[in-house]
Amino acid sequence: MPKNFNDTFLRACRQEAVDYTPVWYMRQAGRYQPEYRKIREKYSFFEMNEIPEVCVEVTRLPVEQLGVDAAILFADIMTPLKPIGVDVDIRSGIGPVIGNPIRHWEDVYRLGELDPESHLPFILDSIRMLEEQLTVPLIGFAGAPFTLASYMIEGGPSKNYHQTKGFMYAQPKAWEALMDKLASLTVTYLKAQIAAGAKAVQIFDSWVGALNREDYHRYVAPVMHRIFAEIKEASDVPTIYFGIGAGHLLTEWDRLPADVLGLDWRTTIDTAREELGIQKPLQGNLDPSLLLGPWEMIEDKAREILDQGAKHSGHIFNLGHGTYPEVRVETLQRLTAFIHDYSKQN
Ligand SMILES: Cc1c2[nH]c(c1CCC(=O)O)Cc1[nH]c(c(CCC(=O)O)c1C)Cc1[nH]c(c(CCC(=O)O)c1C)Cc1[nH]c(c(C)c1CCC(=O)O)C2
């Protein structure tokens, strides 16, 4: 680990004292960066992912360009599904598209088991290289079972997840088996990332907000509990749980052995703390669309989020979802500097 290592992000995850509010951005490596677009012209998404030199360069770029306090591994939530038999492609502007969607219980039983060292050596090599080079913590990540299953069942992005939920209601045994397999994969994958050098891990459950509280409790919470408990048992790296439109699930999430909860822009930090009584560290939550508005609006909102975050220990600034291709690099540079300067003074 380099000498000038900045652990502000990790300290905030543990609710320890910090000199300023740390910040990183979901999808901080991506098409809003001219350098990314240039590399992407030459390679497919998975080629970029599978060549460690490229993966390392793309992971480092936003740290150097924006001055953020954490790096997130350049990969996708779909990356570990390819080796277990999911025929997935990432299409620009669309997202993951699956050639062999799950329709019957047989499709669930056909899924293989992940062996990170032999299936994904490029990911672990990239993490080891980054661990030597980075002066900020590297966040490893994985998709949560519900969100992975939604792509595997729908065959691609969806608006209402009705096939996923239909499968869950109509074939509960197959659903449970699918959740179990994906939970094991997530634990195995994250443990391997931690062993290779990831300093924190985030689990993306982007689409789980499609479920009501009762269904979340019944069909998803048990596996999420198992995942966080098994990671906690194996290591002391902070774990972060994030989803979109999931404010109604926050009190359920609060009961999981996850360390940090990620908020989208629909739930303010004040609401989470004062109305829902959440004591865990919180990450978020500027609406990424606001980055397309005038600077004064961005600054006002960032100040409001920082003020709310500062009332309690444990706030990591982030967006409420990933940044968009239309966002200017300069906007994120200015926002990062503002967050650091403002939170140092307050
Ligand atoms: C649901 C989900 C996916 N992928 C991911 C999630 C969870 C977070 C979220 O909700 O956004 C997570 C993800 N995807 C990517 C990262 C890398 C790290 C980072 O945040 O910088 C991470 C953490 C790279 C990526 N993943 C993807 C890109 C764009 C790929 C390209 O260059 O075409 C990147 C940089 C593709 C992808 N992959 C997925 C989507 C919805 C898309 C975007 C489609 C598009 O707008 O083109 C599935």
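Definitions and cut-offs
Sequence order as written defines the numbering, with residues in each chain counted from 1. Since the coordinates come from a predicted model, pLDDT governs what is reported: local features require at least 70, and pairs of side-chain atoms require 80 or more to be given and counted, while whole-chain, interface and lining totals use all residues. Heavy atoms from the whole structure form the basis of all side-chain values; hydrogens and water molecules are not counted. When DSSP finds two or more bridges between a pair of strands, those strands are recorded as paired. Secondary structure counts use DSSP, requiring at least four H or I residues in a row for a helix and at least two E residues in a row for a strand, with both numbered from the N terminus. Note on aromatic pairs: the rings of Phe, Tyr and Trp (six-membered ring only in Trp) are paired at centre separations within 6.5 Å, and the planes decide the class, stacked below 30 degrees, edge-to-face beyond 60, tilted for the rest. For each residue, the accessible area found with a 1.4 Å probe, counting protein chains only, is set against the maximum for its type, and the residue is called buried under 20%, exposed over 50%, and partly exposed in between. Lysine and arginine charges are scored as sitting over a ring when NZ or CZ, respectively, is within 6 Å of the ring centre and within 35 degrees of the ring normal. Note on geometry: axes are lines fitted to C-alpha atoms, helical ones only across the stretch in contact, with angles between N-to-C directions running from 0 to 180 degrees. Take the far helix as the reference: if the near one is turned anticlockwise from it by less than a right angle, the crossing is left-handed, and if turned clockwise, right-handed. Whether two residues are in contact is decided by their heavy atoms, any of which lying within 4.5 Å being enough. Under the convention adopted here, Pro, Cys and the residues Ala, Val, Leu, Ile, Met, Phe, Trp and Tyr are nonpolar, Asp, Glu, Lys and Arg are charged, and Gly plus all remaining residues are polar. The criterion for a residue being near a molecule or strand is simple. One of its heavy atoms has to lie within 4 Å of it. The accessible surface values rely on the Shrake-Rupley method and a 1.4 Å probe; as for residues, cover is taken only from the protein chains in view. Working rule for angles: under 35 degrees goes down as roughly parallel, over 145 as roughly antiparallel, 65 to 115 as roughly perpendicular, anything else as oblique.

## Quick notes on the pairing of strand E3 (residues 95-98)
Across 4 bridges, the pairing between strand E2 (residues 88-91) and E3 is antiparallel. From the neighbouring strand, Val88 faces E3, where its bridge partner is Ile98. Connecting the antiparallel pair E2 and E3 is a turn made up of 3 residues, with Gly93 showing a positive phi of about 85 degrees.

## A short note on the packing of aromatic side chains
The description of an aromatic ring pair rests on the distance of the ring centres and on the angle between the ring planes. Tallying each qualifying case throughout the model produces 13 aromatic pairs. Both rings, one in Tyr241 and one in Trp253, keep their centres 4.2 Å apart while their planes meet at 40 degrees; by these two values the pair is tilted. Linking Tyr241 in strand E6 (residues 239-242) with Trp253 in helix H12 (residues 250-254), this pair joins segments that are 12 residues apart in sequence. By relative accessible area, which is 0% here, Tyr241 ends up buried. Here a set of aromatic residues connected by ring pairs shows up, and it is made of Tyr36, Phe45, Phe46 and Phe74. The positively charged end of Lys82 is found above the aromatic ring belonging to Phe46, 4.3 Å away from the centroid. Its end group placed over the ring of Tyr20, Lys344 keeps NZ or CZ at 5.2 Å from the ring centre.

## Digging into the sheet that holds strand E8 (residues 282-283)
One open sheet accounts for 7 strands, arranged E1-E4-E5-E6-E7-E8-E9; its pairing is parallel. The open sheet terminates on both sides in strands that have one partner only, identified here as strand E1 (71-72) and strand E9 (315-316). Direction of pairing for E6 relative to strand E7 (residues 260-262): parallel, over a ladder of 3 bridges. Bridging from a neighbouring strand, Tyr241 pairs with Leu261 of E7.

## Details of the packing of helix H14 (residues 295-309) against helix H15 (residues 329-345)
Packed helix pairs are characterised by how far apart their axes lie and by the angle those axes make with each other. Where H14 contacts H15, the axes come no closer than 10 Å and their chain directions differ by 40 degrees. Between H14 and H15 lies a crossing of right-handed hand. Here H14 contributes Trp295, Ile298, Glu299, Ala302, Arg303, Leu306 and Asp307 to the contact with H15, which in turn contributes Thr331, Arg334, Leu335, Phe338, Ile339, Tyr342 and Ser343. Across the contact of H14 with H15, the residue classes tally to 8 nonpolar, 2 polar and 4 charged.

## Regarding the site of the ligand
Around the ligand, the structure places 27 residues, and the nearest of them are Arg27, Arg31, Tyr36, Arg40 and Ser206. Protein chains shield 93% of the accessible area of the ligand, which is 860 Å² for the free molecule. Among the elements of the structure, helix H2 (34-42) and E3 are those that each provide at least two residues to the shell around the ligand. Split by residue class, the shell around the ligand holds 17 nonpolar, 6 polar and 4 charged.

## Looking at the packing of H2 against helix H4 (residues 52-66)
Between H2 and H4, whose axes approach to 10 Å, the crossing angle comes to 170 degrees. Considering their axes alone, H2 and H4 lie roughly antiparallel with respect to each other. Of the two elements, H2 crosses H4, and the hand of that crossing is left-handed. Counting all contacts with H2, which are made through Glu35, Tyr36 and Ile39, the residues of H4 involved are Val54, Glu57, Val58, Leu61 and Gln65. Across the contact of H2 with H4, the residue classes tally to 5 nonpolar, 1 polar and 2 charged.

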